[in-house]
Amino acid sequence: MSQDLDRSHDPERISWVPGTDGHPEFPIQNLPFGTSAEGIVVAIGDHALSLPGAIEAGWGTDLGAAITSALAGSSLNPLMALGPPEWRQLRLAVSDALADPAWQGRLAPSLTAIVDLSLTMPFGCRDYTDFYASVHHATNVGSMFRPDNPLLPNYKWIPIGYHGRASTIVVSGTPIRRPSGQTRPPESEAPTFGPSRSLDYELELGIVIGGANPLGETVPAASAADRIFGVVLLNDWSARDMQAWEYQPLGPFLAKNFASTISPWVVTAEALRPYQVAMPLRPAGDPEPLPYLQVPGDRSWALELDVEVTTAAMREQEEPGFRISRGAFEEAMYWSPAQLVTHHASNGCALQPGDLLGTGTISGPRPESRGCLLERTWRGTEPLTLPDGTSRRFLEDGDEVTLRGHAHAPGRPPIGFGSCRGEVVGG
Ligand code: CA
């Protein structure tokens, strides 16, 4: 693996941009992409570098026409349509310029403080698929409904997923309107229609697809990782009462498609390369994956993931967020990111630049590493007490949920995803 690393991953590399050395999210080893009204930007410390601005200032003359024209638009899709060699070349060029003080004079005018920037949806989401790849999540949810047989017989053979809705993927900061829908209280024969009473978040990663495979062609396991442009944090908001009534026999529908929030920065697969770890070994007795799902040298990422909530009252008092859960991505997953990609295309399904594959709720083996309130409060039977004295089974209007994530590896600076935030407002 180490031969794949280059000087952009060097843990000793520092930038001339003030405040970046040791930055908890965006040191020079990260360099995630986002977009604002002015076009494509790269995060460096507390600042964002405008790439069109940098090109105007004379940077990037040797990048080639394909990359330069991909940087001229208002979304990352043209860049995602290129491939790993171009993604790597661009990352090196950005890293070299931000490390070399000779560029400071020309590039400093293209830096903007991130707090002064209005970040937009970083890519046009072409299609959204959501998986169910955390075995602890699947086991917890299954055991609420089938205590004796929590995992269905297909779980360890096939990555379970469903097609969601791309048009309702929104960027961090977008208010989340409480959905209304049909629900049926347990004692009642007939359903009623009204605002969901058990609105939940789901902590997930969103895998952002780059490159394209034509309809009818597959993505072999050995090259599946090359189709991952990057990763975002994803909150797959879910209305549990609507879900319980509608989900059989065809799966989630209106309980899930009213909104899903992503973080505004796409952390690239290239930046995450030093933070790769082996997939956990399958427990003894579990089946080997079928041959098409066997990824040579399969990897996950070492990521610490957090969920925080604040209530309106807590924000008024300027209280910090209350951490509801903390878990490790790499210990939660039964199916790897590459397995999700190769499985998705195994029937000839065309994956396109800007497709978003949700991992499914990321829950670890411990109660504090459960990635949604359904599990965290065990269907509302174990409410959480918040610092303002109120308790929660599910989300109330005014609650703001923030996801955070950091990749870590021995001897390397942690890199972060920024935050993925949404406030619930009344329906
Ligand atoms: Ca989900």
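Residues numbered from 1 in each chain as written. Predicted model: local features only at pLDDT ≥ 70, side-chain atom pairs only at ≥ 80, totals over all residues. Heavy atoms only, no water.

J.: Any details on the sheet that holds strand 5 (residues 119–120)? Residues and values, ideally.
T.: Spatially, 4-3-2-1-5 is the arrangement adopted by the 5 strands of the open sheet, whose pairing is antiparallel. At either margin of the open sheet sits one strand with a lone partner, and together these are strand 4 (111–113) and strand 5. Pairing geometry for strand 2 (residues 39–44) and strand 3 (residues 47–50), over 4 bridges, is antiparallel. Within strand 3, the position partnered with valine 42 by the bridge is leucine 49. (Pairing = 2+ DSSP bridges. Helix = DSSP H or I, 4+ residues; strand = E, 2+ residues; numbered from the N terminus.)

J.: Summarise the sheet that holds strand 9 (residues 176–177); cite the residues concerned and give the values.
T.: Spatially, 5 strands are ordered 9-26-25-20-21 in an open sheet, and the strand pairing comes out mixed. Two strands in the sheet have a free side with no partner beyond their single neighbour: strand 9 and strand 21 (322–328). One ladder, built from 7 bridges, connects strand 25 (residues 400–407) with strand 26 (residues 415–425); its direction is antiparallel. Looking at strand 26, one finds that histidine 406 is bridged to glycine 416.

J.: Got a sec to walk through a nonpolar patch on the surface? Specific residues and values, please.
T.: There is a patch of nonpolar side chains on the surface, built from Trp157, Ile158, Leu290 and Tyr292 and spanning about 350 Å² of accessible area. Topologically, tryptophan 157 is positioned in the loop between helix 6 (135–145) and strand 7 (161–163). Overall, tryptophan 157 belongs to the partly exposed group, its relative accessible area being 43%. (Patch = residues over 30% accessible without salt bridge, like charges linked within 9 Å, V, L, I, M, F, W, Y side chains within 5 Å. Areas by Shrake-Rupley, 256 points an atom, 1.4 Å probe, with all protein chains shown as cover. Salt bridge = Lys/Arg side-chain N within 4 Å of Asp/Glu carboxyl O. Buried < 20%, exposed > 50% of the residue type's maximum accessible area, 1.4 Å probe, protein only.)

J.: Before we move on, could you go through the coordination of the calcium ion and cite the residues and values that matter?
T.: Coordination of the calcium ion by the protein involves Asp130 (OD), Glu202 (OE), Glu204 (OE) and Asp236 (OD), with metal-donor separations of 2.2 to 2.3 Å. One chain supplies every donor for the calcium ion, spaced along it as D-x71-E-x1-E-x31-D. Under the relative-accessibility criterion, glutamate 204 is labelled buried at 0%. (Donors = N, O, S within 2.8 Å, 3.2 Å for Na, K, Ca; no water.)

J.: With reference to specific residues and values, describe helix 11 (residues 337–344).
T.: For helix 11, a buried count of 8 out of 8 residues is recorded, marking the element as mostly surrounded by other parts of the structure. Residues Pro337, Ala338, Gln339, Leu340, Val341, Thr342, His343 and His344 constitute the buried set of helix 11.

J.: Talk me through unusual backbone geometry; I want residue IDs and the actual numbers.
T.: Backbone geometry follows two general trends: most residues other than glycine have a negative phi, and most peptide bonds adopt the trans configuration. That bond from glutamine 248 to proline 249 is cis: its omega, 5°, falls within 30 degrees of zero. Mapping proline 249 onto the fold places it in the loop between helix 7 (240–246) and strand 16 (260–262).

J.: How would you explain empty space enclosed by the protein if you had to name every residue and give the values?
T.: Counted by the stated rule, this structure contains 1 cavity of 30 Å³ or more. Taken as a whole, the largest cavity spans an internal volume of roughly 30 Å³. Around the largest cavity sit Leu203, Leu305, Ser325, Arg326, Gly327, Ala328, Ile362 and Ser369, which together line it. At 4 residues, the largest contribution of residues to the lining of the largest cavity is made by strand 21. Its residues assigned to classes, the lining of the largest cavity shows 4 nonpolar, 3 polar and 1 charged. (1 Å grid on protein atoms, 1.4 Å probe; cavity = no way out; pocket = protein on both sides within 12 Å on 5 of 7 lines; lining within 4 Å. Points joined across faces, edges and corners; volume = space filled by probe spheres on them. Nonpolar A, V, L, I, M, F, W, Y, C, P; charged D, E, K, R; others polar.)

J.: Can you lay out the environment of arginine 404 for me, pointing to particular residues and giving the numbers?
T.: With respect to the helices and strands, arginine 404 occurs in strand 25. Take arginine 404: its relative accessible area is 27%, and that puts it in the partly exposed class. Not counting residues within four places of it along the chain, the set of residues in contact with arginine 404 comprises Leu233, Glu304, Leu305, Asp306, Glu308, Gly418 and Ser419. There is a polar contact of 3.3 Å between the side chain of arginine 404 and the side chain of glutamate 308. (Contact = heavy atoms within 4.5 Å. Polar contact = N/O pair within 3.5 Å; in protein donor to acceptor, adjacent residues only side chain to side chain.)

J.: Before we move on, could you go through the layout of surface pockets and cite the residues and values that matter?
T.: If you add up the space inside the largest pocket, you get close to 1,300 Å³. Contributing to the lining of the largest pocket are 42 residues, with Val141, Phe145, Gln243, Ala244 and Tyr247 lying nearest its centre. Put simply, the parts of the chain that give the lining of the largest pocket at least two residues each are strand 6 (128–131), helix 6, strand 7 and helix 7. Of the residues that constitute the lining of the largest pocket, the class distribution is 21 nonpolar, 11 polar and 10 charged. As for the second largest pocket, its lining consists of 28 residues, and the residues nearest its centre are Ala225, Asp226, Arg273, Gln276 and Arg299. Taken together, the elements giving at least two residues each to the lining of the second largest pocket come down to helix 4 (84–99), strand 14 (228–235), helix 8 (269–272), strand 19 (299–301) and helix 11. Considering each element in turn, the lining of the second largest pocket owes the most residues, 4 residues, to helix 4. Counted by class, the lining of the second largest pocket contains 15 nonpolar, 5 polar and 8 charged residues.

J.: Which residues make up the packing of aromatic side chains, and what values go with them?
T.: Counted according to the given criterion, the structure contains 7 aromatic pairs. An angle of 25° between the planes, with centres 6.2 Å apart, marks the rings of tryptophan 301 and phenylalanine 329 as stacked. Note that tryptophan 301 is positioned in strand 19 and phenylalanine 329 in helix 10 (residues 329–332), a separation of 28 residues in sequence. Pair check on accessibility: tryptophan 301 and phenylalanine 329 agree, each one buried. (Phe/Tyr/Trp six-rings, centres within 6.5 Å; stacked < 30°, edge-to-face > 60°.)

J.: Any details on the pattern of salt bridges? Residues and values, ideally.
T.: Following the criterion strictly, the structure yields 19 salt bridges and no others. In this structure, the salt-bridge partner of glutamate 423 is arginine 315, at a minimum N-O distance of 3.4 Å. Taken together, the residues glutamate 423 in strand 26 and arginine 315 in helix 9 (residues 312–316) connect sequence positions 108 residues apart. Looking at glutamate 423, the relative accessible area reads 28%, which means it is partly exposed. Here the salt bridges share partners, and the residues they tie into one network are Asp200, Glu202, Asp236, Arg240 and Lys256.

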